[in-house]
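Residue-level structural notes
Below are the chains, spelled out letter by letter.
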Amino acid sequence: MEDLRSAAVPAVRDDDHVRGEGPLVVFYADLTCPRCAVEHQRLQAEGARVVFRHLALRARHPRALALAHAAEAAAAQGAFWAFADATYADQGRLEDPHLWDRAGALGLDVDRFDADRRGEAVAARVQRDVKDALRAGATGTPTLFDL
């Protein structure tokens, strides 16, 4: 019989988005998910050491992949957490013009941001996170794992 257990959550990687000093939590989330926004605030308030990974499922939230790609484009300019914080704080403004405004307000090169978010490297990074989440047994957002 085939082993049907979920895979282990991958250990922290060099390219993961990590913030905080407390207990280590892997946070599989979607930047368009209101429940994820609440969990994001709770984890910050508790001082957890958060590893953010994308679980962007278009079937659940139509803009999920666009926002995940935008966050990775911001990360390419050193602004992942600033972008995530700003996005979770303003869940009503998730369309492309809002993303460009947010990138500009964060001091990012907006042309580079827009090019990066449409690039293959960003898409591959988001896809890797989603596949890892599903293999580990995540079925929706937010999903938290202690490491």
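Criteria and thresholds
- Residues numbered from 1 in each chain as written.
- Predicted model: local features only at pLDDT ≥ 70, side-chain atom pairs only at ≥ 80, totals over all residues.
- Heavy atoms only, no water.
- Patch = residues over 30% accessible without salt bridge, like charges linked within 9 Å, V, L, I, M, F, W, Y side chains within 5 Å.
- Areas by Shrake-Rupley, 256 points an atom, 1.4 Å probe, with all protein chains shown as cover.
- Salt bridge = Lys/Arg side-chain N within 4 Å of Asp/Glu carboxyl O.
- Helix = DSSP H or I, 4+ residues; strand = E, 2+ residues; numbered from the N terminus.
- Buried < 20%, exposed > 50% of the residue type's maximum accessible area, 1.4 Å probe, protein only.
- Arc of directions from axis to C-beta.
- Contact = heavy atoms within 4.5 Å.
- Polar contact = N/O pair within 3.5 Å; in protein donor to acceptor, adjacent residues only side chain to side chain.
- Disulfide = S-S within 2.5 Å.
- Pairing = 2+ DSSP bridges.

1. Remarks on a nonpolar patch on the surface
A surface patch of nonpolar side chains, about 210 Å² in accessible area, is lined by V12, V18 and L147. Inspection of the secondary structure puts V18 in strand β1 (residues 17–19).

2. Considering helix α5 (residues 110–117)
Every buried residue of α5 is listed here: F113, D114 and R117. Angular distribution of buried residues about the axis of α5 spans 95 degrees; they occupy a single face of the element. Looking at the buried positions of α5, the neighbouring elements they touch are α2 (64–75), α3 (80–89), α4 (96–105) and α6 (120–135). Where α5 begins, the side chain of D109 points an oxygen toward the backbone nitrogen of D111, at a separation of 3.1 Å.

3. Observations concerning the state of the cysteines
Inspection of every chain in the model, using the stated rule, returns zero disulfides. With no disulfide of its own, C33 has C36 as its nearest cysteine by sulfur position, at a separation of 3.1 Å.

4. A closer look at the pairing of strand β3 (residues 49–54)
The element β3 is largely enclosed, with a buried count of five among its six residues. In the sheet, β1 pairs with β3 via three bridges, with the strands oriented antiparallel. Looking at the pairing, H17 lines up with F52 of β3. The sheet contact formed by strand β2 (residues 24–29) and β3 spans six bridges and is parallel. Each bridged residue has a counterpart across the sheet, and for V25 the counterpart in β3 is V50.

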